[in-house]
Amino acid sequence: MATATIDLEALRLREIGERKYKFIDRKWDAMFWITAGFVVGAAANITHLLFAGDWDFWTDWKDRQWWMTITPFATIIIPSALQYIQWRAWRFPTGATYTAVCLFFCTWIGRLVQWKFFINMPINFVWSATWIPAGIITDYVLLKSRSFILTSLIGSATWTMAFWMSNYIMLLPFLQPTKFMDHTLTVADVQGISYIRAQTPEYLRVIEHGSLRTFLQETQYVSLAFGTTLCVFGYWVGQFIGRRLSVWPIFRYLKQY
Amino acid sequence: MYQAWAVFPWGLDSSTTQFFWMWRMLVVAFLLGVGIFTVLWWRWILNTGRDLPQRFSRREEVRRIAVFWGLIGATSVNLYIEASFWPNEDGAFHQTLVRDTAFTVAHIPMFYLFFPLGVTLAVGTYLYGRTRIPAVYGADKGFPWSFFLLISATVTEVAQVAMNEWGHSVNLGNAGAEEFFAVWFHWPFVLYGWLAGGIFALWGETILRLYAIEDEEAADARDTAPAPQPSTSAPV
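Being a predicted model, the structure only gives us computed values, none of them experimental.

### What to know about the confidence of the model for chain B
Phase 1: Mean pLDDT over chain B: 89, with 92% of residues reaching 70 or higher.
Phase 2: Interface confidence for the predicted complex, expressed as ipTM, amounts to 0.90; the pTM equals 0.90.

### A short note on the pairing of strand 1 (residues 177–180) of chain A
Regular strands show a simple pattern: their side chains alternate between the two faces of the sheet.
Residues and elements named next belong to chain A.
Phase 1: Inspection of the sheet shows strand 1 paired to strand 2 (residues 183–186) by four bridges, in the antiparallel sense. By the bridge assignment, Pro 177 is partnered in strand 2 with Thr 186.
Phase 2: Once strand 1 ends, the chain turns through two residues before running back antiparallel as strand 2, passing Met 181 with a positive phi of about 50 degrees.

### With respect to the environment of B:Phe111
Phase 1: Mapped onto the fold, B:Phe111 is located in helix 4 (residues 107–132).
Phase 2: With 47 residues separating them in the primary sequence, B:Phe111 and B:Val158 have C-alpha atoms 7.4 Å apart.

### Quick notes on the nonpolar core
Phase 1: Counting residues in each nonpolar core, the largest one holds 99 residues, and the members touching the most others are A:Val39, A:Val40, A:Ala42, A:Ala43, B:Tyr80, B:Leu150 and B:Ala196.
Phase 2: Residue contacts for A:Val40: discarding those within four places in its chain leaves A:Ile78, A:Leu82, A:Tyr98, A:Thr99 and A:Cys102.

### Description of the interface of chain B and chain A
Phase 1: Tallying the contact residues gives 58 residues for chain B and 52 residues for chain A.
Phase 2: Taken together, the elements giving at least two residues each to the side of chain B that touches chain A come down to helix 3 (58–96), helix 6 (145–171), helix 7 (175–194) and helix 8 (198–224) of chain B.
Phase 3: At 21 residues, the largest contribution of residues to the side of chain B that touches chain A is made by helix 3 of chain B.
Phase 4: Of the residues that constitute the side of chain B that touches chain A, the class distribution is 34 nonpolar, 15 polar and nine charged.

### Considering helix 3 of chain B
Phase 1: Here helix 3 of chain B is 39 residues long and its end C-alpha atoms lie 56 Å apart, about the 57 Å a rise of 1.5 Å per residue gives.
Phase 2: At B:Ile81, helix 3 of chain B shows its largest kink, close to 35 degrees.

### Overview of the packing of helix 3 of chain B against helix 4 of chain B
Residues and elements named next belong to chain B.
Phase 1: Close contact between helix 3 and helix 4 brings their axes to 10 Å; oriented N to C, the two are set at 165 degrees. Taken together, helix 3 and helix 4 sit at an angle that is classed as roughly antiparallel. Between helix 3 and helix 4 the crossing geometry is left-handed.
Phase 2: Split by residue class, the contact of helix 3 with helix 4 holds 15 nonpolar, six polar and four charged.

Cut-offs and rules
- Residues numbered from 1 in each chain as written.
- Chains lettered and ligands numbered in written order.
- Predicted model: local features only at pLDDT ≥ 70, side-chain atom pairs only at ≥ 80, totals over all residues.
- pLDDT = per-residue confidence, 0-100.
- Pairing = 2+ DSSP bridges.
- Helix = DSSP H or I, 4+ residues; strand = E, 2+ residues; numbered from the N terminus.
- Core = buried A, V, L, I, M, F, W, Y, C linked by C-beta atoms within 7 Å.
- Buried ≥ 20, exposed ≤ 12 C-beta atoms within 10 Å, placed from the backbone.
- Contact = placed C-beta atoms within 7 Å.
- Nonpolar A, V, L, I, M, F, W, Y, C, P; charged D, E, K, R; others polar.
- Expected span 1.5 Å × (residues − 1).
- Bend = angle between axes of the 7 residues up to and from the residue.
- Axes fitted to C-alpha atoms, helices over the stretch in contact; angles between N-to-C directions.
- Parallel < 35°, antiparallel > 145°, perpendicular 65-115°, else oblique.
- Left-handed = near helix turned anticlockwise from the far one by under 90°.

Structural data, given as structure tokens:
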């Protein structure tokens, strides 16, 4: 009985796949995936900028306490929404990677045009973090688990860890110690002193202060653990956006006027 | 390019005459330009929509949906410009150059051109759907939730500009307060922006309509196909 059901489903899917359409072709796919990229990138970027942007703008602000705690929470929200939309519409486990790629373009256009060209800061001081490895791994979790609950639990952990590991490689050279005016600082600190940021911060400036510094290297592991917890919450905020604001309204209408 | 050319000589001191003519007047020009474009475009959609025939072919409906997707795409690009391109500039500018006015060179194109243009595009896209795609957005259906959310996002973003700048003006000069309160004042930009998730429902509704058109087309093809002829060859 179960085999017969599977055969029927396979037959139905093959029929859909092989169906010849008169009006629908690949141009519609291209139109959707390209134009949706703008709003997806924008949503991911503004969520990141205003919830966690300051920590990502400058190398010396990519700290071990707030950057890795708040950033995974802020950046999982839109990928989670896209995971729901793309899984629901096409069974594509690609939403997080798609969002990460869109975010990559949005942030790098910003860094090159605004930070490099407009205010003339060196790129190795204002480089953006990447989320593409984290997106691929989180999509893999959805692909294997086929469950949003498991993805929220396991995927949030992999998102946070992959975010840290993939970006730590780029950050590490800037954390090397150096002598500057008879003080031991990191290379990133020297950059921060050398390039003047005259104005008050745009969004927030709570860069690594508090007693967690006393744990020295352990700081980052404590922060990663807490970041994962926050990320689970962020994942379900994203699910709300995907379910209630993007898919639920399809063919639903307010009272007639 | 205008900004790159005009910011450093004339864009940093809001008390100068040059700033008034080169930048403040740009606010007026943008608002007037967007206002005039909005009135003309919406009127054109409504006026030409009234003259359209009530019955039209499936091919024509598909063409209209394609134009509709173009308008959604334009709205999407505008959302990128207002929520990513200019906010990046805002961050870069305001963290490195001292601001002395709410009408900074980073704010002017973002808040007074692309934010109102977002409202124009979202409402204009609705008017297009309302007058050209009655199967999905016709008056008999009611007002769609998808557009309610998208238009709400664009309108509340404009409203949030006022609240945000008011917050800055209250706290500017009071360094401690600015540092803490500036954080919260920016969050509604994000929360309101999420409402634009309704844009995916627009794609969903119209792609489902396209599939319905394909089904109608296939049903017609079946109905008009010649009946199978009995075989004339002798059985082997």
